[in-house]
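# Chain and residue survey
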Amino acid sequence: METYKTLEIIQNKEDSSVFHLLLNRPSKRNALSPELFSEFPRALSSLDHNPNVNVVVLSGAGDNFCGGIDLSELKASERFLSGDRGRGGERIRRHIKGLQDSITAIERCRKPVIASIEGACIGGGIDIVTACDIRFCTKDAYFSVKEVDLAIVADLGTLQRLPSIVGYGNAVELALTGRRFSGPEAKQLGLVSKVFNSKQELEEGVRMVAEGIASKSPLAVTGTKAVLLKSRDLNLEQGLDYVATWNSSMMLSGDLKEAISAQFQKRKPKFAKL
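Residues numbered from 1 in each chain as written. Predicted model: local features only at pLDDT ≥ 70, side-chain atom pairs only at ≥ 80, totals over all residues. Heavy atoms only, no water.

Cut-off, in case you're wondering: UniProt positions are given in the numbering used here, feature names are shortened, and annotations may be inferred rather than shown by experiment.
Under the UniProt heading Subcellular location (unreviewed entry), the note attached to the protein chain is "Peroxisome".

This is the structure we're talking about:
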């Protein structure tokens, strides 16, 4: 398995199909550095293509999930402004598109990605968790769409993904004020599914959800994620047509027969790896 400087991949139990991906810059509150942006999509791709992985849990090493983009990355962007203004603008646009692609790698990963959030989840951290499939946090976690306070427009996905999660009005208020909000408020807004009292309870709660999903048909799980993501861009009729086409091929697998047999025999189903 490839090793990374800013990330770590962990399999807590040898027989588990739940793998953990850690943002691993704890001394920097797991701030998003240029190297992390480079390694992140590679790590997700490796997990996606690993047949032993059914679910990915994304968390931060240390006491924080992510303190946002490394300010040195923003300062480095000034290098694109030298020379011709039009060409400088094109270089910045291309650079931003690359950063966006790094975050979108979470959605490209066929396996569900669960965000396990403790401590700070600021700026780029919001970009990351809004791209995840499920989000949980501790009551002490705190969040902020911080970019407006840095005199920039959030450009890595928050403004596109957050409105569909918390509602347009709530997203506008959070993005324009940049204010900090707590784990319980994140639950009230719908940003997270559940709030836990401690890190230990969070880890156990996430483990149970992840293991539960990992025990289901990999084809059904990855298909559900794919259809949900695709349906964001389709009207109802188009979405129904898309899922009909999807199931017309995927239901031909042995997973359906195994799931039904397990129900009748009152046992846990055993599915082939993806």
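### A short note on the overall build of the protein chain
Going by this rule: In this text, helices come from DSSP runs of H or I with a minimum length of four residues, and strands from runs of E with a minimum of two, each type numbered from the N-terminal end. Our radius of gyration is a C-alpha quantity, and the globule rule it is checked against amounts to 2.2 Å times the number of residues to the power 0.38. For the exposure calls, accessible area comes from a 1.4 Å probe over protein chains only, and a residue counts as buried if that area is under 20% of its type's maximum, exposed if over 50%, partly exposed in between. In what follows, residue pairs with any heavy atoms lying within 4.5 Å of each other are defined as contacts. Here the accessible surface of atoms and residues is derived via Shrake-Rupley with a 1.4 Å probe, and residues count as covered only by protein chains that are part of the display. For the purpose of counting charges, residues Lys and Arg are taken to be positive, whereas Asp and Glu are taken to be negative. His and the chain ends are not included. Throughout, a charge is located at the NZ atom of Lys, the CZ atom of Arg, the CG atom of Asp or the CD atom of Glu.
From N to C terminus, the protein chain includes 11 helices and nine strands. The C-alpha radius of gyration computed for the protein chain amounts to 20 Å, which stays within 12% of the reference 19 Å derived for 274 residues, consistent with globular compactness. Each principal axis of the C-alpha atoms in the protein chain carries an extent, and together these give about 70 × 40 × 40 Å. Per-residue burial for the protein chain yields a buried fraction of 43% across its 274 residues. Once local pairs closer than 6 in sequence are excluded, the contacts in the protein chain between residues at least 24 apart make up 68%. Surface summary for the protein chain: the accessible area is close to 14,700 Å², and the carbon and sulfur share equals 54%. Distance between charge centroids for the protein chain: 2 Å, based on 37 positive and 33 negative side chains.

### Structural notes on the nonpolar core
Among soluble globular proteins, nonpolar side chains are generally buried collectively. Our working definition: Only buried residues count toward a nonpolar core, which is a set of Ala, Val, Leu, Ile, Met, Phe, Trp, Tyr and Cys residues joined through side-chain atoms within 4.5 Å.
Grouped together as the largest cluster of nonpolar side chains are 47 residues, with contacts concentrated most on L21, L58, I117 and F143. Here the element with the most residues in this core is helix 1 (residues 34–49); it accounts for six residues. Core analysis: the second largest hydrophobic core is formed by 12 residues, V57, I114, L202 and I213 among them.

### Some details on the domain arrangement of the protein chain
Defined as follows: The split of the chain into domains comes from an automatic or database domain assignment. The buried area of a pairing is the accessible area, by a 1.4 Å probe, that goes missing from both parts when the two are put together, added over both. For salt bridges, the criterion is a side-chain nitrogen of Lys or Arg within 4 Å of an Asp or Glu carboxyl oxygen. Contacts described as polar in this section are N or O atom pairs within 3.5 Å, which, within protein, must combine one atom able to donate a hydrogen with one able to accept it, while residues neighboring in sequence count only if both atoms come from side chains. Residue polarity is assigned by list, with Asp, Glu, Lys and Arg as charged and Ala, Val, Leu, Ile, Met, Phe, Trp, Tyr, Cys and Pro as nonpolar; anything else, Gly included, falls into the polar class.
Here the protein chain is described as being made up of domain 1 (7–214) and domain 2 (218–265). Contacts between domain 1 and domain 2 engage 11 residues on the former and six residues on the latter. Roughly 630 Å² is buried in total at the junction of domain 1 and domain 2, and carbon and sulfur atoms are behind 55% of that figure. When the buried area of domain 1 at its contact with domain 2 is split by residue, E107, R110 and D133 rank highest and sum to 55% of it. Put simply, domain 1 and domain 2 have two salt bridges between them. Viewed at the interface, domain 2 and domain 1 are joined by five residue pairs in polar contact (both at pLDDT 80 or more). Of the residues contributing to the side of domain 1 that touches domain 2, the split by class is five nonpolar, one polar and five charged.

### Focus: the state of the cysteines
Spelled out, the test is: The disulfide definition used here is simple: a pair of cysteine sulfur atoms within 2.5 Å.
What the rule picks out here adds up to zero disulfides. Looking at the unpaired C66, the closest cysteine sulfur is the one in C121, lying at 6.8 Å. When its relative accessible area of 0% is taken as the criterion, C121 is described as buried.

### Some remarks on the pairing of strand 4 (residues 113–117)
Basically, it comes down to this: A pair of strands counts as paired when DSSP detects no fewer than two bridges linking them.
The buried fraction of strand 4 is high, at five of five residues. The two faces of strand 4 match: V113, A115 and I117 on one face and I114 and S116 on the other face are all buried. When strand 4 meets strand 6 (residues 134–138), the two strands line up parallel, connected through four bridges. Paired with A115 across the two strands is R135, which belongs to strand 6.

### Describing the environment of N12
Mapping N12 onto the fold places it in the loop between strand 1 (7–10) and strand 2 (18–23). Polar side-chain contacts of N12 include one of 3.2 Å to the side chain of H20.

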